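Chain by chain, the residues:
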Amino acid sequence: MSAVRITFQRDDDANEGMHIDIVLNGAQVKKGTDYFGVWYDKTEGTQCPFILNGSGQLDYGPGYEDEDQYYETNLLTSNLTAGSPVTVTFEDETIGYKIASITPLA
């Protein structure tokens, strides 16, 4: 197992992405814990912290209203290697990301 920071880049906008600090077991997320991440938009200068919870959802916290708080992902079921695709789904919109980098934390 290894602690890493994964940087995701949005497929259709190189200025938008996420960083998530997680523990990998091989190429998959070690399940059973929550992980911290941040979504960013370099064009807007915006950052929004979130938790990747044990259900594989991005939880932006109680400051977000109703449905805006939770986004579905395939992070817990994907093999996470450089260049791999990842999806984030909100309501009926699926947003594609790719893994831009995986950086060891220790």
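The structure this text deals with has already been given above.
So, here's what we can say about the structure. Small disclaimer: the values here were computed from a predicted structure and weren't measured. (Residues numbered from 1 in each chain as written. Predicted model: local features only at pLDDT ≥ 70, side-chain atom pairs only at ≥ 80, totals over all residues. Heavy atoms only, no water.)

Applying the stated criterion across every chain, the model contains three salt bridges. With a shortest N-O distance of 2.6 Å, Asp 12 and Arg 10 are connected by a salt bridge. For Asp 12, a relative accessible area of 61% translates into the label exposed. Across the pair Glu 16 and Arg 10 runs a salt bridge, and its minimum N-O distance is 3.0 Å. (Salt bridge = Lys/Arg side-chain N within 4 Å of Asp/Glu carboxyl O. Buried < 20%, exposed > 50% of the residue type's maximum accessible area, 1.4 Å probe, protein only.)

Below, the discussion takes up the layout of surface pockets. By volume, the largest pocket is sized at about 190 Å³. Around the largest pocket sit 14 residues that line it, and Trp 39, Tyr 60, Tyr 71, Ile 95 and Tyr 97 are the ones nearest its centre. Breaking the lining of the largest pocket down by element, the ones donating at least two residues are β2 (13-25), β8 (85-90) and β9 (93-104). (1 Å grid on protein atoms, 1.4 Å probe; cavity = no way out; pocket = protein on both sides within 12 Å on 5 of 7 lines; lining within 4 Å. Points joined across faces, edges and corners; volume = space filled by probe spheres on them. Helix = DSSP H or I, 4+ residues; strand = E, 2+ residues; numbered from the N terminus.)

To continue, consider the pairing of β2. Where strand β1 (residues 2-10) meets β2, nine bridges bridge the pair, whose relative direction is antiparallel. Counterpart to Arg 10 in the pairing with β2 is Asp 13. The loop that links β1 with its antiparallel partner β2 comprises two residues. Both β2 and strand β4 (residues 35-41) contribute to a ladder of six bridges, which runs antiparallel. Bridge assignment links His 19 to a residue of β4, and that residue is Val 38. In terms of strand pairing, β2 meets strand β3 (residues 28-29) through two bridges, oriented antiparallel. Within β3, the residue paired with Leu 24 across the bridge is Val 29. In textbook terms, the turn of a hairpin is the stretch between consecutive antiparallel strands, and for β2 and β3 this stretch comprises two residues, one of which, Gly 26, has a positive phi near 75°. (Pairing = 2+ DSSP bridges.)

Read these as geometric descriptors, not functional statements.
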